[in-house]
Amino acid sequence: MKHVLAVLVEDKPGVLVRVAGLFARRGFNIESLAVGRTVDPGISRMTIELEADEKTLEQVVKQLHKLVNVIKVSNLTREPSVSRELVLIKVRAPAASRAEIQQIVDTFRAKIVDVSLQSMIIEVTGNDEKLEAIQLLLSHYGILELVRTGKISLLRGAKTIRNGEGKDHGKNLL
C-alpha cells in the first residue's frame, strides 16, 4: 500500500541526506519526495510517499523519530487531505498538431508555459490519476521530456501540522 508521511524537520544542512540515508540503509524505496520551507522559521517539511506494508511503515516511522533533526512524523495516508504534484511535459508539437494539443491542455486545466517551432512545454498539477491520464494522451504526439516534482499534501479542514504538533485551529481560521 502507498503511504504518505509528512515529516517536520529542522531546516539545517544535511537533514535531507540523513533521512534519505535512513531509507537507503533499511532498503526502503521512496516513491516520491518533496521538501520545502514552512510558515515556521527554521522548520522544513518533507512529504514522503512510499510503498510499504503496515509493519514496514511502523518501522520507518520509528526510525525517523530517532533522527536528531526530526521534529514530527505524521501519517497522512488515512487522514482527509489534499495531495498534488506538478509535472512539466515537453511534447513534440508541429504546427499541425497544436490545436489538438491545446484541447487536451484545456480539458485538463493545464497550461502551456513554453512554445518553440517543434515543441511545447505543458505544466499540469493534480493527483496521480490526472497526471497519468494527460501523459497517456500526450504520448500520442511524442513526449520529448518529462519531470515531476514529488507529491505535496495538506490535511483538509482546520487541522494542521505545525511547530511539531498536530493542531486543530477550528474557529481561529478566517
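Everything below is about the structure printed above this text.
These remarks concern the structure in this document. (Residues numbered from 1 in each chain as written. Predicted model: local features only at pLDDT ≥ 70, side-chain atom pairs only at ≥ 80, totals over all residues. Heavy atoms only, no water.)

**Structural notes on the pattern of salt bridges**
Next up, step 1: Applying the stated criterion across every chain, the model contains ten salt bridges.
Next up, step 2: Among the ionic pairs, Lys-111 bridges to Glu-123, the shortest N-O distance being 3.6 Å. You can see Lys-111 sitting in strand β6 (residues 111-115) and its partner Glu-123 sitting in strand β7 (residues 119-126), a full twelve residues away along the chain.
Next up, step 3: Taking relative accessible area as the criterion, Lys-111 reaches 48% and is therefore assigned partly exposed.
Next up, step 4: Asp-128 serves as the salt-bridge partner of Lys-151, at 3.7 Å between the closest nitrogen and oxygen. On the criterion of sequence distance, the pair formed by Lys-151 in the loop between β8 (143-148) and β9 (152-155) and Asp-128 in helix α4 (residues 128-139) is long-range, its members being 23 residues apart.
Next up, step 5: In this structure Lys-151 comes out as buried when scored by relative accessible area, which is 11%.
Next up, step 6: Overlapping salt bridges bring together Glu-49, Glu-85, Asp-128, Glu-132, Arg-148 and Lys-151 as one network. (Salt bridge = Lys/Arg side-chain N within 4 Å of Asp/Glu carboxyl O. Helix = DSSP H or I, 4+ residues; strand = E, 2+ residues; numbered from the N terminus. Buried < 20%, exposed > 50% of the residue type's maximum accessible area, 1.4 Å probe, protein only.)

**Structural notes on the pairing of β7**
Next up, step 1: Direction of pairing for strand β5 (residues 81-92) relative to β7: antiparallel, over a ladder of eight bridges. What sits directly across from Leu-88, in β7, is Glu-123.
Next up, step 2: Between β6 and β7, which pair antiparallel and follow one another directly, the connecting turn spans three residues. (Pairing = 2+ DSSP bridges.)

**Brief notes about the side chain of Ser-44**
Next up, step 1: Structurally, the position occupied by Ser-44 is in strand β3 (residues 43-51).
Next up, step 2: Look at Ser-44 and you get buried, because its relative accessible area is 8%.
Next up, step 3: Setting aside residues no more than four positions away along its own chain, Ser-44 makes contact with Val-7, Leu-8, Val-9, Asp-11, Gly-36, Arg-37 and Thr-38. (Contact = heavy atoms within 4.5 Å.)

**Focus on the environment of Val-115**
Next up, step 1: Note on placement: Val-115 falls in strand β6.
Next up, step 2: Each C-alpha atom, one on Val-115 and one on Arg-98, is 9.9 Å from the other, the two residues being 17 residues apart in sequence.

**So, helix α1 (residues 15-26)**
Next up, step 1: Its twelve residues give α1 an end-to-end C-alpha distance of 17 Å, which sits within 8% of 16 Å, the value for a rise of 1.5 Å per residue.
Next up, step 2: Taken together, the buried positions of α1 are Val-15, Val-19, Gly-21, Leu-22 and Phe-23.
Next up, step 3: Positive backbone phi, approximately 75 degrees, marks Gly-27, located one or two places after α1. (Expected span 1.5 Å × (residues − 1).)

**Focus on the packing of α1 against helix α2 (residues 54-66)**
Helices that pack against each other are described as a pair by the angle of their axes relative to one another and the distance between those axes.
Next up, step 1: At a minimum axis separation of 11 Å, α1 and α2 run at an interaxial angle of 140 degrees. Put simply, α1 runs oblique to α2. In this structure, α1 crosses over α2, and the sense of that crossing is right-handed. Two secondary-structure elements touch here, α1 through Val-19, Leu-22, Phe-23 and Arg-26 and α2 through Gln-59, Val-60, Gln-63 and Leu-64. (Axes fitted to C-alpha atoms, helices over the stretch in contact; angles between N-to-C directions. Parallel < 35°, antiparallel > 145°, perpendicular 65-115°, else oblique. Left-handed = near helix turned anticlockwise from the far one by under 90°.)

**Points about the pairing of β5**
Next up, step 1: Looking at chain direction, β5 and β9 are connected through four bridges and run antiparallel. Note that in β9 the partner of Ser-83 across the bridge is Ser-153.

**Looking at α2**
Next up, step 1: Its 13 residues give α2 an end-to-end C-alpha distance of 19 Å, which sits within 8% of 18 Å, the value for a rise of 1.5 Å per residue.
Next up, step 2: Those residues of α2 that sit buried are Leu-57, Val-60, Val-61, Gln-63 and Leu-64. One face of α2 carries all of its buried residues, which in axial projection span an arc of 165 degrees. What points out from α2, more than 90 degrees from its buried face, is the exposed set Lys-55 and Lys-66.
Next up, step 3: Each element contacted by the buried residues of α2 is listed here: β1 (2-10), α1, β3 and β4 (70-75).
Next up, step 4: The N-cap of α2, judged by a side-chain oxygen 3.2 Å from the amide nitrogen of Lys-55 a few residues on, is Asp-53. (Arc of directions from axis to C-beta. Polar contact = N/O pair within 3.5 Å; in protein donor to acceptor, adjacent residues only side chain to side chain.)

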